[in-house]
Amino acid sequence: RMSVSLCFDWYGASVPVDPESLSMALRHLLEANPVEAKRARYEHGVGLQKNDRRVGQIFWDERYTDPFFECTGDASPQTVPVLGSLCPVHRVARVDVAFDVTDDVNFDDVVREAKRIANQSGLVTEVAGDWIDAERGRTLYVGSRHSEKRVCIYEKGREQGLDCEWTRIELRVRPQSKSKHLY
């Protein structure tokens, strides 16, 4: 028996709107409260909090023309359409789609198949994490870190501190400059 789910997991984009206006509109539409947010390279930031959950963040600095918006995790499927309705034209920096596999399919089986496909396709692989003891979690990347698309396979259960078979396969897309507006 295998259980799988597919979810939108990360979204980051430059948005050609005044950051204060963007923050106010998103707070209203998402029914969120402003909270402190910090990110390297940005002087200003505001987080959008709904109940006890972060549903998005906006960062800006005088050095950049447009503010940067991001949302992660289970808030992404609800937040991104709201951003799209407010600002249909924006430049995507990164979008991730996550595919979760649990139960009878374990991480090692997924990695074995991914390596086979990578070798067959001439794709590079890279590892991170605890591959010696496998206690703290392991990650396999398929594709170059400089590529527009890269697959990341990791032990999500261990990342969350759970003792269960939960493997996450993410397709991470970082559009090149010429196609950022298409996503």
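Residues numbered from 1 in each chain as written. Predicted model: local features only at pLDDT ≥ 70, side-chain atom pairs only at ≥ 80, totals over all residues. Heavy atoms only, no water.

### With respect to the nonpolar core
Which entries qualify depends on this criterion: We call a set of buried Ala, Val, Leu, Ile, Met, Phe, Trp, Tyr and Cys residues a nonpolar core when their side-chain atoms join them within 4.5 Å. Each residue is assigned to one of three classes by its accessible area relative to the maximum for its type, calculated with a 1.4 Å probe on protein chains only: buried under 20%, partly exposed between the two thresholds, exposed over 50%. In DSSP terms, a helix is any run of H or I states spanning at least four residues, a strand is any run of E spanning at least two, and both are numbered starting from the N terminus.
One finds Y11, L26, L48, I58 and F69 to be the most contacted residues of the largest nonpolar core, which totals 22 residues. Mapped onto this core, the elements with two or more residues apiece are β1 (2–14), α1 (19–30), β3 (44–50), β4 (53–60), β5 (68–72), α2 (76–86) and β6 (91–103). Grouped together as the second largest cluster of nonpolar side chains are eight residues, V110, V111, V142 and I153 included.

### A look at the packing of aromatic side chains
For any pair of aromatic rings, the description rests on two quantities: the centre-to-centre distance and the angle between the ring planes. Under the convention used in this document: Here a Phe, Tyr or Trp ring, Trp counted by its six-membered ring, pairs with any other such ring whose centre lies within 6.5 Å, and the pair is stacked when the planes are under 30 degrees apart, edge-to-face when over 60, and tilted otherwise.
Counted by the stated rule, this structure contains five aromatic pairs. Centroid distance F107 to W131: 5.9 Å. Interplanar angle 50°. Geometry classified as tilted. Of this pair, F107 sits in helix α3 (residues 107–121) while W131 is found in the loop between β7 (125–129) and β8 (138–142), placing the two residues 24 residues apart along the sequence. A network of ring pairs unites the aromatic residues Y42, F59, Y64 and F68 as a single cluster.

### Things to note about the environment of S85
Going by this rule: The term polar contact refers here to a pair of N or O atoms within 3.5 Å; inside protein, the definition further demands a hydrogen-donor-capable atom paired with an acceptor-capable atom, and it admits residues adjacent in sequence only when both atoms are side-chain atoms.
Secondary-structure assignment places S85 in helix α2. C-alpha of S85 to C-alpha of E20: the two residues are 65 residues apart in sequence and 17 Å apart in space. A polar side-chain atom of S85 sits 2.8 Å from the main-chain carbonyl oxygen of V82.

### Focus on the confidence of the model for the protein chain
Quick note on the threshold: Across the chain, each position has a pLDDT score giving the predictor's confidence in that residue, from 0 to 100.
On average, residues of the protein chain score 91 in pLDDT, and 95% of them are at 70 or above. Considering each helix and strand of the protein chain separately, the mean pLDDT is smallest for β1, with a value of 81, and largest for β8, with 97.

### What about the layout of surface pockets?
Threshold: Definitions used throughout: a 1 Å grid over protein atoms alone; a cavity as a set of points that fits a 1.4 Å probe which cannot get out; a pocket as an open set with protein on both sides within 12 Å along at least five of seven lines; a lining residue as one with an atom within 4 Å of a point. Grid points are joined across faces, edges and corners, and a volume is the space filled by probe spheres set on the points.
Taken as a whole, the largest pocket encloses approximately 310 Å³ of empty space. Lining the largest pocket are 16 residues, and of these S14, R41, Y42, F68 and A93 lie nearest its centre. Looking at the lining of the largest pocket, the elements with two or more residues in it are β1 and β6. With three residues, the top contributor of residues to the lining of the largest pocket is β6.

### Topic: unusual backbone geometry
Phi at E31 takes a positive value of approximately 55°, unusual for a residue other than glycine. With respect to the secondary-structure elements, E31 resides in the loop between α1 and β2 (33–36). Despite not being glycine, R41 shows a phi value in the positive range, around 80°. Turning to its location among the elements, R41 is positioned in the loop between β2 and β3.

### Some points on the environment of V89
Its location among the elements puts V89 in the loop between α2 and β6. Residue class for V89 comes out exposed when judged on its relative accessible area of 61%. A C-alpha to C-alpha distance of 13 Å links V89 and F69, two positions 20 residues apart in sequence.

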